[in-house]
Amino acid sequence: MEADLLTFVVAVAATALVALALGWTARGYRADRSLRRLQEFFGLPDNSECVMVVSRDTSTDGAVARNDVFAMLELAAVIKNCHAKAQVISGESAQQSFGERTEFCIGGPVANRRMGAHLYSLLPGVSVNTDADPGPDRGAFVIGSERYRLENGSVEHVLLARLTAGQQGRPVFLACGQRSITQQAAARYLAKHNVRLARKYGSGGNFCLLLKVVNSQAYGPDVVELVKDVTKSATVPQPKLSAGK
């Protein structure tokens, strides 16, 4: 009887140990698979390097603009989780070719010259009103045939895009907003929703989303709504107006 009881106890213990080992193995497999998917989406394999291209605040002797710093902090955890590292450079001095390293480009086309170049070559269907004079269309986005005006502190828009040049190229992520606080909102949206975006567009898929930051005067970058996927209209050149129009 005692021998049978001992055998039973040993069998139960062995079964429990096997179940525990299988559980740890499955958990490790899921964690590894999640990491690989994250790395594929951001183009950041182990020990790789990426570059953050940011605006410079001319009012502070060329320092990184305050809200760009906050946007970088939103992305820093993602880069760390990918086991990668980042280099920060100014949009005025960035000269690397597209696709060599994953790039996070933050800022509008006026403050960030690199962003202006990306919009011209990668999102030809997008134009940004950069007039310095006050007016209802100042800062407005025109995407295809649609115009999105800026309502300062109330309704502000930002483009969040992931773009690649061929299957072998590393992606560039663009956060181009009507105000600097919207770029922080876009970076936070990307960090929070990258799994859902990867499932929808694939680990190597391109997209361009128009986001709306609601009442930033009261809520900062926290309240963000997806307006629409503008990938198709943003990547097709806008028709040129004929003379006299």
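Since this is a predicted model, take the numbers as computed values, not measurements.

Q: Got a minute to help me understand the overall build of the chain in this structure?
A: Counting its regular elements, the chain contains six helices and twelve strands. Out of the 245 residues in the chain, the part that is buried amounts to 40%. Of the contacts made within the chain by residues no fewer than 6 positions apart, 64% connect residues no fewer than 24 positions apart. On the chain, roughly 13,900 Å² of surface is accessible, and the fraction owed to carbon and sulfur atoms is 55%.

Q: How should I be thinking about the sheet that holds strand S1 (residues 49-54) in this particular structure?
A: What holds strands together in a sheet is hydrogen bonding between their backbones, with the strands either parallel or antiparallel. Pairing is mixed in the open sheet, where seven strands are placed in the order S4-S1-S5-S10-S9-S11-S12. A strand with exactly one partner marks an edge of an open sheet, and here the two such strands are strand S4 (85-90) and strand S12 (224-229). The sheet shows a mean angle of 20° between the axes of neighbouring strands, taken without regard to direction. Alignment of S1 against strand S5 (residues 102-106), held across four bridges, turns out to be parallel. Note on S5: the bridge partner recorded for Cys 50 is Thr 102. Across the face of the sheet, helix H2 (residues 66-81) comes into contact with S1, S4 and S5 while running at roughly 165° to S1. Where helix H3 (residues 113-122) meets the sheet, its contacts fall on S1, S5, strand S9 (155-163) and strand S10 (172-177), and the angle it forms with S10 comes to roughly 110°.

Q: Quick question: what am I supposed to make of the pattern of salt bridges here?
A: Any two side chains of opposite charge can pair, on the condition that their charged atoms come close. A complete count under the given rule lists nine salt bridges for this structure. The residue Arg 188 makes a salt bridge to Glu 74 at a minimum N-O spacing of 2.9 Å. Of the two residues, Arg 188 is situated in helix H4 (residues 180-201) and Glu 74 in helix H2; the sequence distance between them amounts to 114 residues. Relative accessible area serves as the criterion here: at 27%, Arg 188 is assigned to the partly exposed category. Put simply, Glu 74, Arg 188 and Asp 222 are held in one network by salt bridges that share partners.

Q: Can you help me understand the environment of Ala 140 in this one?
A: Positionally, Ala 140 belongs in the loop between strand S6 (126-128) and strand S7 (141-143). A C-alpha to C-alpha distance of 5.9 Å links Ala 140 and Val 128, two positions twelve residues apart in sequence. Discounting chain neighbours no more than four positions away, the residues touching Ala 140 are Ser 127, Val 128, Asn 129, Arg 147, Tyr 148, Arg 149 and Gln 178.

Q: Can you help me understand H2 in this one?
A: Quick reminder: α-helices carry 3.6 residues per turn. Residues three or four places apart thus point the same way. Over its 16 residues, H2 extends 24 Å from the first C-alpha to the last, a length consistent with the 22 Å expected when each residue adds 1.5 Å. The sharpest bend along H2 comes to roughly 30°, located at Leu 75. Taken together, the buried positions of H2 are occupied by Asn 67, Asp 68, Ala 71, Met 72, Glu 74, Leu 75, Val 78 and Ile 79. Looking one or two residues past H2, His 83 carries a phi angle of roughly 60°, positive in sign.

Q: What is the right way to look at the side chain of Ser 90 in this model?
A: Checked against the element boundaries, Ser 90 lands in strand S4. Since its relative accessible area comes to 8%, Ser 90 is described here as buried. Sequence-distant contacts of Ser 90, that is, excluding residues within four places in its chain, are made with Val 53, Val 54 and Arg 56.

Q: Before we go on, may I ask you to explain the layout of surface pockets in this structure?
A: Using a probe with the size of a water molecule, rolled over the atoms, empty space left in the structure can be pinpointed. Its boundaries defined by the atoms lining it, the largest pocket holds a volume of some 690 Å³. Together, 27 residues line the largest pocket, and Val 110, Gly 177, Gln 178, Arg 179 and Ser 180 are the ones closest to its centre. For the lining of the largest pocket, the secondary-structure elements that each account for two or more residues are strand S2 (56-57) and H4. Within this model, the second largest pocket holds a volume of roughly 230 Å³. Lining the second largest pocket are Ser 34, Arg 37, Leu 38, Glu 40, Phe 41, Asn 194, Val 195, Ala 198, Arg 199, Gly 202 and Ser 203. Mapped by element, the contributors of at least two residues to the lining of the second largest pocket are helix H1 (2-42) and H4. Counting residues per element, the lining of the second largest pocket draws most heavily on H1, which supplies five residues.

Cut-offs applied
Residues numbered from 1 in each chain as written. Predicted model: local features only at pLDDT ≥ 70, side-chain atom pairs only at ≥ 80, totals over all residues. Heavy atoms only, no water. Helix = DSSP H or I, 4+ residues; strand = E, 2+ residues; numbered from the N terminus. Buried < 20%, exposed > 50% of the residue type's maximum accessible area, 1.4 Å probe, protein only. Contact = heavy atoms within 4.5 Å. Areas by Shrake-Rupley, 256 points an atom, 1.4 Å probe, with all protein chains shown as cover. Pairing = 2+ DSSP bridges. Axes fitted to C-alpha atoms, helices over the stretch in contact; angles between N-to-C directions. Salt bridge = Lys/Arg side-chain N within 4 Å of Asp/Glu carboxyl O. Expected span 1.5 Å × (residues − 1). Bend = angle between axes of the 7 residues up to and from the residue. 1 Å grid on protein atoms, 1.4 Å probe; cavity = no way out; pocket = protein on both sides within 12 Å on 5 of 7 lines; lining within 4 Å. Points joined across faces, edges and corners; volume = space filled by probe spheres on them.

Remember that the coordinates give geometry; whether it matters functionally is a separate question.
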